[in-house]
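Descriptive analysis of the structure
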Amino acid sequence: MTIKTKDWTAQIDRMPGAASFRTFGTVTVAHTGITPKLEMTALQDKSFDLRLELKLETSSEASLQVLTDKVVEYKALGDSNITGVSIFHEGKLLHHIDKVLITH
């Protein structure tokens, strides 16, 4: 199955009281009953590149059979020094973000 994604962003927020890291993007799913989720993988290397797994959860509820764009986000609170994000699905690299936006 081919997964289409777009508009990926990674951001470190260093504002006092709001220190966090987040990455988000848009995933095109086959029907409205599919919810994309990003989870940190158990396997992380020793660099500052974060590995995330894109998982697609399917609802048992009735849904429209139409291609749908859905926003997916991963967020971690606290200080961060991440320099890149690799997003995988079923063991295959979907996208790599090498420019991390830092807000102060």
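Here we summarise the structure given alongside this text. These numbers come from a predicted model, not from an experiment.

1. So, unusual backbone geometry
For Asp-7, which is not glycine, the phi torsion reads 60° and is therefore positive. Structurally, Asp-7 is set in strand S1 (residues 4-13). For Asp-7, a relative accessible area of 55% gives the class exposed. Unlike most non-glycine residues, Glu-90 shows phi in positive territory, near 50°. Residue position: Glu-90 is located in the loop between strand S6 (84-89) and strand S7 (92-97).

2. Remarks on the sheet that holds strand S4 (residues 49-58)
An order of S3-S4-S6-S7 is seen for the four strands of this open sheet, with the pairing classed as mixed. On the outer flanks of this sheet lie strand S3 (34-40) and S7, each paired with one strand and no other. Ignoring which end each strand starts from, the neighbouring axes of this sheet average 30° apart. When S6 meets S7, the two strands line up antiparallel, connected through five bridges. Looking across to S7, one finds that Val-85 is bridged to Ile-97.

3. Some words on the sheet that holds strand S5 (residues 68-77)
What the four strands build is an open sheet, ordered S5-S2-S1-S8; its pairing is mixed. The open sheet terminates on both sides in strands that have one partner only, identified here as S5 and strand S8 (100-103). Pairwise comparison of adjacent strand axes, ignoring direction, gives a mean angle of 20° for this sheet. In this structure, strand S2 (residues 20-29) lies alongside S5, joined through ten bridges in antiparallel fashion.

Conventions we followed
- Residues numbered from 1 in each chain as written.
- Predicted model: local features only at pLDDT ≥ 70, side-chain atom pairs only at ≥ 80, totals over all residues.
- Heavy atoms only, no water.
- Helix = DSSP H or I, 4+ residues; strand = E, 2+ residues; numbered from the N terminus.
- Buried < 20%, exposed > 50% of the residue type's maximum accessible area, 1.4 Å probe, protein only.
- Pairing = 2+ DSSP bridges.
- Axes fitted to C-alpha atoms, helices over the stretch in contact; angles between N-to-C directions.

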